[in-house]
Amino acid sequence: MFEERIEKAVEFFKSGYNCSQSVVLAFADMYGFTQEQAARMAASFGGGIGRMRQTCGAACGMFLLAGLETGATDPKDREGKGANYAVVQELAAEFKKRNGSTICAELLGLKKPEGVSTPEERTDQYYAKRPCVRMVEEAARIWAEYLENRPSI
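The rules we used
Residues numbered from 1 in each chain as written. Predicted model: local features only at pLDDT ≥ 70, side-chain atom pairs only at ≥ 80, totals over all residues. Heavy atoms only, no water. Phe/Tyr/Trp six-rings, centres within 6.5 Å; stacked < 30°, edge-to-face > 60°. 1 Å grid on protein atoms, 1.4 Å probe; cavity = no way out; pocket = protein on both sides within 12 Å on 5 of 7 lines; lining within 4 Å. Points joined across faces, edges and corners; volume = space filled by probe spheres on them. Helix = DSSP H or I, 4+ residues; strand = E, 2+ residues; numbered from the N terminus. Nonpolar A, V, L, I, M, F, W, Y, C, P; charged D, E, K, R; others polar. Expected span 1.5 Å × (residues − 1). Buried < 20%, exposed > 50% of the residue type's maximum accessible area, 1.4 Å probe, protein only. Contact = heavy atoms within 4.5 Å.

## Examining the packing of aromatic side chains
If you walk through the whole model with that rule in mind, you get five aromatic pairs. Feature note: the residues Phe 13, Tyr 126 and Tyr 127 constitute an aromatic cluster, connected by ring pairs.

Structure, rendered in structure tokens:
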């Protein structure tokens, strides 16, 4: 059912969107967001959050979607917040199980962050040495599986 969206996430990444944007863009219309809104909303999370190589941007995109799906809107709703955090933790555990980590630098095999804010040019060499396409696909797939298996309300 969601295979098309997973493929779309990969296409978004290959067209130049960052990892977080790619995951969010593939599902944004389900939550009433335009492509531009979704791209802006997820823009800062690419490259492990602002290219700092922290939490994987693809995973961050998945967590952003979890907020749109299950996020509490009442600041006093502790139960709702807890339910959302439980979903995020479940998604993170699945992402880590499939990929070995949720940390961008670890996924890229970096000893230390590059300390550069400018993204690399997207070349064949870039795609050959980076697992990012696979991370985008996995995050979109995990989110799709969550949607398919979530309890209906």
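Now that the structure has been shown, the text picks up again.
## A few points about the layout of surface pockets
In this structure, the largest pocket spans a volume of roughly 380 Å³. As for the largest pocket, its lining consists of 24 residues, and the residues nearest its centre are Asn 18, Gly 46, Gly 47, Arg 53 and Tyr 126. When contributions to the lining of the largest pocket are tallied by element, the ones reaching two or more residues are helix H6 (104-108) and helix H8 (132-149). Looking at which element gives the most residues to the lining of the largest pocket, the answer is H6, with three residues. Among the residues forming the lining of the largest pocket, the class breakdown is 11 nonpolar, eight polar and five charged.

## Things to note about helix H4 (residues 57-70)
In this model H4 runs 20 Å from its N-terminal to its C-terminal C-alpha over 14 residues, within 8% of the 20 Å that 1.5 Å per residue would give. The buried fraction of H4 is high, at 10 of 14 residues. Within H4, burial applies to Gly 57, Ala 58, Ala 59, Cys 60, Gly 61, Met 62, Phe 63, Leu 64, Leu 65 and Ala 66. On its buried side, H4 packs onto helix H2 (19-27), helix H3 (35-42), helix H5 (78-99) and H8.

## A word on the environment of Cys 19
With respect to the secondary-structure elements, Cys 19 resides in helix H2. Along the chain, Cys 19 and Gly 61 lie 42 residues apart, while their C-alpha atoms are 7.6 Å from each other. Setting aside residues no more than four positions away along its own chain, Cys 19 makes contact with Phe 13, Gly 46, Gly 47, Gly 57, Ala 58 and Val 136.

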